[in-house]
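Structure at a glance
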Amino acid sequence: MTDISSAPDPTSEAAYDRRRLEQWLSGGARADGVTRRNMLKLLGAAGLVAVPVGAAAIADAVAAADLGIVKPLPVELFSVRGTNAETKWEALRGTGYHTPIDRFFVRNHTSTPRIDEYGWRLRVFGSGLRGGPMEFGYDELRRMPSTTFSAFIECAGNGRSFYDTQQGEPATGTAWTLGAIGMARWRGVRLAEVLRRAGVTRDAVDVMPTGLDDEYVSGRLNLGRVRRPLPIAKALDDVILAFEMNGEPLPPDHGYPVRVLVPSWIGISSIKWVGSIEVSAEPLYSPWNTDFYRLLGPAYPPAGGPVLTTQTVKSAFELPWNATVRAGDRVRLHGRSWSGSGRVRQVEVSTDGGTLWRRARLRDIPRRNGWVRWHIDWRPDRRGQVQVMARATDSTGHSQPEKSVFNSQGYLFDAVVRHPIQVV
Ligand SMILES: Nc1nc2c(c(=O)[nH]1)N[C@H]1C(S)=C(S)[C@@H](COP(=O)(O)O)O[C@H]1N2
Ligand SMILES: [Mo]
């Protein structure tokens, strides 16, 4: 068995990943349900074949015909993209700190399953436990000590379409603009507590939650149920099994009855409709940490860059694309900025395409795992199109660059977005 008692800091993505990759290549890690050959093939395909976003959009339009989302998706609130629904930023104008559930984005690999809480059980098993498998029922979980906090969930591909439209480098995957993020107040049980009751040992290295939604078929490969391992240190740190969102039982589309919630990590970590959790004394793999959610492309090694964990810094205006304002009017521009690596410290806005930057006024106390609402006043004087831009900096010094380093699957876009406005 591989000794990782000297494991690197779990928050050091690069170190964690390098180790896992080495273990996998040397056969020391298990890739559940995926043969080594398929995984290599997938890695290769993901790195070399870039399907333009245009083609993906056509496929999305076809798939939208049998969209498996339960809640209504009115056009004022959402843009439908394949099996997913993106929040429209203008629909957040006037809403509070938390994204109302009626406009919270949905990212489904297949479709929302209808699960009955009475029949639901969470099965915890694996070589990292002292004893055999253990099961938890819904009421049992709800009776355990709970914790409540606010955190955003953001898809790793949020902003992906800007690789194409702003940088001329199309990436594969859902062509999100900036609306694949939502902020909610979550209530649940600490995963650490569940693992403790299940008898987790010091040998445990990875924890893999699996969803109860349908198996995911990509191309001709059945990749099995949606699942992605977490390093044990993160699992024992701030991860919860959430059963409430904004004070209500989790809605079906967001993981009812129980989902994993991994603050500040890419959305795929937060497995919805969780049905089982494997606790393993050996490193685990799934397609979601090998061929997906890694950085692949010209700037990265052939086997792929780091396994993705924390989100990047981003900003968005609560405005429609091509919003119209009147020349000479005083306009208050509202927006929000967030980061997975620290609190947002500062937001600057340019209303002249990036020459002059002014500091926006922050309306929230910057918090970890949260966004900050801000505004800035502006009096446009000339008619025509302008591009407004917002740039945030977080407490670790991460700021938004002019250009994001391209990766073929379009993850972690972090560049300043040029938002067009028509001054009339
Ligand atoms: N079981 C399961 N969990 C899942 C997914 C999924 O398709 N199935 N999608 C993941 C992805 S890619 C994201 S971005 C988030 C989205 O969460 P939301 O739909 O509640 O906004 O859920 C994650 N958890
Ligand atoms: Mo995602």
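Residues numbered from 1 in each chain as written. Chains lettered and ligands numbered in written order. Predicted model: local features only at pLDDT ≥ 70, side-chain atom pairs only at ≥ 80, totals over all residues. Heavy atoms only, no water.

Heads up, the rule is: UniProt positions are given in the numbering used here, feature names are shortened, and annotations may be inferred rather than shown by experiment.
The name given to the chain in an unreviewed UniProt entry is Sulfite oxidase, with Wenjunlia tyrosinilytica as the source organism. Of the chain, the UniProt comment under Cofactor (unreviewed entry) reads exactly: "Mo-molybdopterin".

1. Quick look at the overall build of the chain
Threshold: Elements are defined by DSSP. Helices are runs of H or I of four residues or more, strands are runs of E of two residues or more, and each kind is numbered from the N terminus. When a residue's accessible area, from a 1.4 Å probe over protein chains only, is under 20% of the maximum for its type it is buried; when over 50% it is exposed; and in between it is partly exposed. When checking whether two residues touch, look at their non-hydrogen atoms; a contact exists if any pair is within 4.5 Å. Where accessible areas are quoted, they stem from the Shrake-Rupley method and a 1.4 Å probe; at the residue level, only the protein chains shown are allowed to cover.
Looking only at helices and strands, the chain has 8 helices and 25 strands in total. Expressed as a percentage of the 424 residues in the chain, the buried residues total 58%. Long-range contacts, defined here as pairs at least 24 residues apart, represent 72% of the contacts in the chain between residues at least 6 apart. Of the accessible surface of the chain, which amounts to about 17,500 Å², a share of 50% is contributed by carbon and sulfur atoms.

2. Some details on helix H6 (residues 191–198)
Where burial is concerned, most of H6 is hidden: 6 out of the 8 residues are buried. Taken residue by residue, H6 has Leu191, Ala192, Glu193, Val194, Leu195 and Ala198 as its buried positions. Note on H6: the residue one or two positions beyond its end, glycine 199, has a positive phi of about 90 degrees.

3. Examining the site of ligand 1
As a reminder, the rule being used: Residues are classed as near a molecule or strand on a simple rule: at least one heavy atom within 4 Å of it. Whenever two N or O atoms come within 3.5 Å, that pair is a polar contact, provided that in protein one can donate a hydrogen and the other can accept it, and provided that, for residues adjacent in sequence, both atoms are side-chain atoms. Polar here means any residue other than Ala, Val, Leu, Ile, Met, Phe, Trp, Tyr, Cys and Pro, which are nonpolar, and Asp, Glu, Lys and Arg, which are charged; Gly is therefore polar.
Around ligand 1 lies a shell of 20 residues, among which Phe105, Asp213, His254, Arg259 and Lys272 are the nearest. One of the side-chain N or O atoms of arginine 259 is found 2.7 Å from an oxygen atom in ligand 1. Taking 530 Å² as the accessible area of ligand 1 by itself, protein coverage stands at 100%. Residue composition of the shell around ligand 1, grouped by class: 10 nonpolar, 6 polar and 4 charged.

4. Thoughts on the confidence of the model for the chain
This is how it is decided: What pLDDT expresses is the predictor's confidence in each residue, scored from 0 to 100.
The predicted model of the chain averages 88 in pLDDT, with 84% of residues at 70 or higher. Here residues 1–22 is a poorly scored stretch, pLDDT under 50, and it has 34 contacts once near neighbours within four places are set aside; other chains count. This stretch, residues 24–28, has a pLDDT under 50; its non-local contacts, to residues over four places away or in other chains, come to 11 contacts.

5. Let's talk about the environment of glutamine 400
Within the secondary structure, glutamine 400 sits in the loop between strand E24 (384–394) and strand E25 (419–423). Residues glutamine 400 and serine 315, 85 residues apart in the sequence, show an inter-C-alpha distance of 8.6 Å. Separated by 2.9 Å, the side chain of glutamine 400 and the backbone nitrogen of alanine 392 make a polar contact.

6. A short note on the sheet that holds strand E18 (residues 323–325)
Counted only if it meets this: In this description, strands pair whenever DSSP reports at least two bridges between them.
Judged by pairing direction, the sheet is mixed, and its 5 strands sit side by side in the order E18-E25-E24-E20-E21 without closing on themselves. The open sheet has two free edges, formed respectively by E18 and strand E21 (358–359), since each of these has just one partner strand. Pairing of E18 with E25 involves 3 bridges; the strand directions are parallel. Looking at the pairing, threonine 324 lines up with glutamine 422 of E25.

7. Here's the deal with the packing of aromatic side chains
Just so we agree on the cut-off: Between the rings of Phe, Tyr and Trp (Trp by its six-membered ring), a pair exists once the centres lie within 6.5 Å; its type follows the angle of the planes, with under 30 degrees stacked, over 60 edge-to-face, and the other angles tilted.
Summed over all chains, the structure comprises 17 aromatic pairs. Look at tryptophan 89 and tryptophan 338: their rings are 5.7 Å apart centre to centre, the planes differ by 10 degrees, and that puts the pair in the stacked class. Within this pair, whereas tryptophan 89 is found in the loop between strand E3 (84–87) and strand E4 (121–125), its partner tryptophan 338 is found in strand E19 (residues 331–338), the two being separated by 249 residues in sequence. Tryptophan 338 matches tryptophan 89 in its accessibility class, with the two residues each being buried. Ring centres of tyrosine 163 and phenylalanine 413 lie 5.0 Å apart, and the angle between their planes is 90 degrees; on these two criteria the pair is classed as edge-to-face. Here tyrosine 163, found in helix H5 (residues 161–165), pairs with phenylalanine 413, found in the loop between E24 and E25; they are 250 residues apart in sequence, far enough to count as distant. A residue is classified by how much of its surface remains accessible, and phenylalanine 413, at 1% relative accessible area, is buried. Taken together, the ring pairs in this structure connect Phe162, Tyr163, Trp321, Phe406 and Phe413 into an aromatic cluster.

8. Section: the pattern of salt bridges
Definition in use: By convention in these notes, a salt bridge is any Lys or Arg side-chain nitrogen within 4 Å of a carboxyl oxygen on Asp or Glu.
According to the stated counting rule, one finds 17 salt bridges in the structure shown. In this structure, glutamate 193 engages arginine 196 in a salt bridge whose closest nitrogen and oxygen atoms are separated by 2.9 Å. Placement of both glutamate 193 and arginine 196 in helix H6 is noted, with a separation of 3 residues, approximately one turn of the helix. Residue classification places glutamate 193 among the buried positions, given a relative accessible area of 19%. You can call arginine 196 exposed: its relative accessible area is 54%. The salt bridge involving aspartate 377 is made with arginine 332; its shortest N-O contact spans 2.7 Å. Pair noted here: aspartate 377 is in strand E23 (residues 371–378) and arginine 332 is in strand E19, with a separation of 45 residues, a long-range link. Of the residues examined, aspartate 377 reaches a relative accessible area of 24% and is grouped as partly exposed. For arginine 332, a relative accessible area of 39% gives the class partly exposed.

9. Regarding the nonpolar core
Short version of the rule: Throughout, nonpolar core names a set of buried Ala, Val, Leu, Ile, Met, Phe, Trp, Tyr and Cys residues whose side chains join them through atoms within 4.5 Å.
The biggest cluster of nonpolar side chains holds 62 residues, and the ones touching the most others in it are Leu122, Val124, Trp186, Val194, Leu195, Leu241 and Val279. Counting 21 residues, the second-largest nonpolar core is a separate cluster that includes Val349, Trp378, Val386 and Ala390.

10. Here's the deal with the pairing of E4
Across the two faces of E4 the burial differs, with Leu122 and Val124 buried and Arg121, Arg123 and Phe125 not buried at all. Note: E4 against strand E5 (residues 134–137), 4 bridges, orientation antiparallel. Across the sheet, arginine 121 pairs through a bridge with glycine 137, a residue of E5. When E4 meets strand E15 (residues 274–280), the two strands line up parallel, connected through 3 bridges. In the strand pairing of E15, valine 124 is matched with isoleucine 277.

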